[in-house]
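Summary of structural features
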Amino acid sequence: MMKQNLDLAFTAIAPAIWGSTYLVTTEFLPAGYPLTVAMLRALPAGLLLLLVVRQIPKGIWWPRSFLLGALNFSFFWAMLFVSAYRLPGGVAATVGAIQPLIVVMLSRVVLGSPVKALSVIAGIAGIAGVALLVLTPGAALDPLGVAAGLAGAVSMAFGTVLSRHWAPPVSPLTFTAWQLAAGGLLLVPVALFFEPSLPPLTASHLMGFAYLGLIGAAFTYLLWFRGLSRLEPSQVSPLGFLSPVVAILLGWGVLGQQVTAVQAIGIAVVFASVWMSQQAQMVRRAGSLRT
């Protein structure tokens, strides 16, 4: 139990750091280049890790690495940005919060994991908590934005489950390098086609890119894939609810933004949903031990 709690704690660091992405992007990076930023977040980090591990995919792992790179990075980030541009931030975040529920269902189909009622309740509670955190009364719905948000959630859910299902015969560091490099390469033509060239970069811009690449991508996804290699996807995925919580807290602590009573309730609901998702797995393990 202690080992599993440590694995959960290490894995939770990843979405907590992802919560800083909005702050770093708005305060340190040039505005209006989301796909280029995504490419520069993934590709240099992936290439750097490849230099460290000095191991490239072999055989079936070439197409798998590119598929997982697309699901976890390229397609996911592209849909995330489309959703963010066409929807208010709160609506986009709430639509994306459906991902843990999709993971529960995919785990049943792909991994044969049972669907626990407590896991479903935890997923619904997480969506409600995120909605309380980020939704505003005047939030509007755009059909294309909602579709993009759902597509991104499905993409990341498939990437999460398949990363566990295929269980690569390499270390989490090598697995992270393969996916980041593949995902970054897939983003290169998309960024070049859809966006203009970056303006001259300042020291602040370079610091932002370095943080997002080394900390926000290489380090965090190493922890994320390490967690997926040791824990059930339905345990790992709800940890993503921590990302908007950290974003709200950083906005309060660093940017001086106010935290309302409704948002405070949302934070409590998110933590409760994460706790429930872990309890569901404990109940499952207890049942399997008795049988």
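Relevant structure appears above.
The structure reproduced in this document is the subject of the present report. (Residues numbered from 1 in each chain as written. Predicted model: local features only at pLDDT ≥ 70, side-chain atom pairs only at ≥ 80, totals over all residues. Heavy atoms only, no water.)

Details of the pattern of salt bridges
Tallying each qualifying case throughout the model produces 4 salt bridges. One salt bridge connects Asp7 with Lys3, and the closest N-O pair in it is separated by 3.6 Å. With a gap of 4 residues between them, Asp7 and Lys3 both fall in helix α1 (residues 2-18), about one helical turn apart. Overall, the relative accessible area of 4% leaves Asp7 in the buried class. (Salt bridge = Lys/Arg side-chain N within 4 Å of Asp/Glu carboxyl O. Helix = DSSP H or I, 4+ residues; strand = E, 2+ residues; numbered from the N terminus. Buried < 20%, exposed > 50% of the residue type's maximum accessible area, 1.4 Å probe, protein only.)

What about helix α8 (residues 143-166)?
The end-to-end C-alpha separation of α8 is 34 Å, in line with the 34 Å expected for 24 residues at 1.5 Å each. Count one or two residues on from α8 and you reach Ala167, which has phi positive near 45°. (Expected span 1.5 Å × (residues − 1).)

Focus: helix α2 (residues 21-28)
Within α2 the residues assigned to the buried category are Thr21, Leu23 and Val24. Along the axis of α2, the buried positions cluster into a sector of 165°, meaning they face one direction only. Those residues of α2 hidden inside the fold are in contact with α1, α3 (34-53), α10 (203-230) and α12 (242-253). (Arc of directions from axis to C-beta. Contact = heavy atoms within 4.5 Å.)

A look at a nonpolar patch on the surface
A surface patch of nonpolar side chains, about 910 Å² in accessible area, is lined by Met2, Leu6, Phe10, Ile13, Leu48, Leu51, Val52, Leu214, Ile215 and Phe219. Looking at the nonpolar patch, the elements that each hand over two or more residues are α1, α3 and α10. Ranked by residues supplied to the nonpolar patch, first place goes to α1 with 4 residues. For Val52, the position within the fold is in helix α3. (Patch = residues over 30% accessible without salt bridge, like charges linked within 9 Å, V, L, I, M, F, W, Y side chains within 5 Å. Areas by Shrake-Rupley, 256 points an atom, 1.4 Å probe, with all protein chains shown as cover.)

Section: the packing of helix α6 (residues 99-111) against α8
Two quantities define a packed helix pair, namely the angle between the axes and the distance from one axis to the other. At a minimum axis distance of 9 Å, the contact between α6 and α8 shows a crossing angle of 40°. Between α6 and α8, the crossing angle belongs to the class labelled oblique. Once α6 is placed against α8, the crossing between them reads as right-handed. On α8, the residues that touch Gln99, Ile102, Val103, Leu106, Ser107, Val110 and Leu111 of α6 are Ala153, Val154, Met156, Ala157, Phe158, Thr160, Val161, Arg164 and His165. Residue composition of the contact of α6 with α8, by class: 11 nonpolar, 4 polar and 1 charged. (Axes fitted to C-alpha atoms, helices over the stretch in contact; angles between N-to-C directions. Parallel < 35°, antiparallel > 145°, perpendicular 65-115°, else oblique. Left-handed = near helix turned anticlockwise from the far one by under 90°. Nonpolar A, V, L, I, M, F, W, Y, C, P; charged D, E, K, R; others polar.)

Here we look at the side chain of Ser237
Position of Ser237 relative to the elements: it lies in the loop between α11 (233-236) and α12. A polar contact of 3.3 Å, which involves the side chain of Ser237, links it to the side chain of Gln99. When neighbours within four sequence positions are excluded, Ser237 is seen to be in contact with Gln99, Pro100, Val103 and Trp224. (Polar contact = N/O pair within 3.5 Å; in protein donor to acceptor, adjacent residues only side chain to side chain.)

Some remarks on the environment of Gly96
Relative to the helices and strands, Gly96 is located in helix α5 (residues 89-96). When the C-alpha atoms of Gly96 and Ala261 are compared, they prove to be 23 Å apart, with 165 residues separating the residues in sequence.

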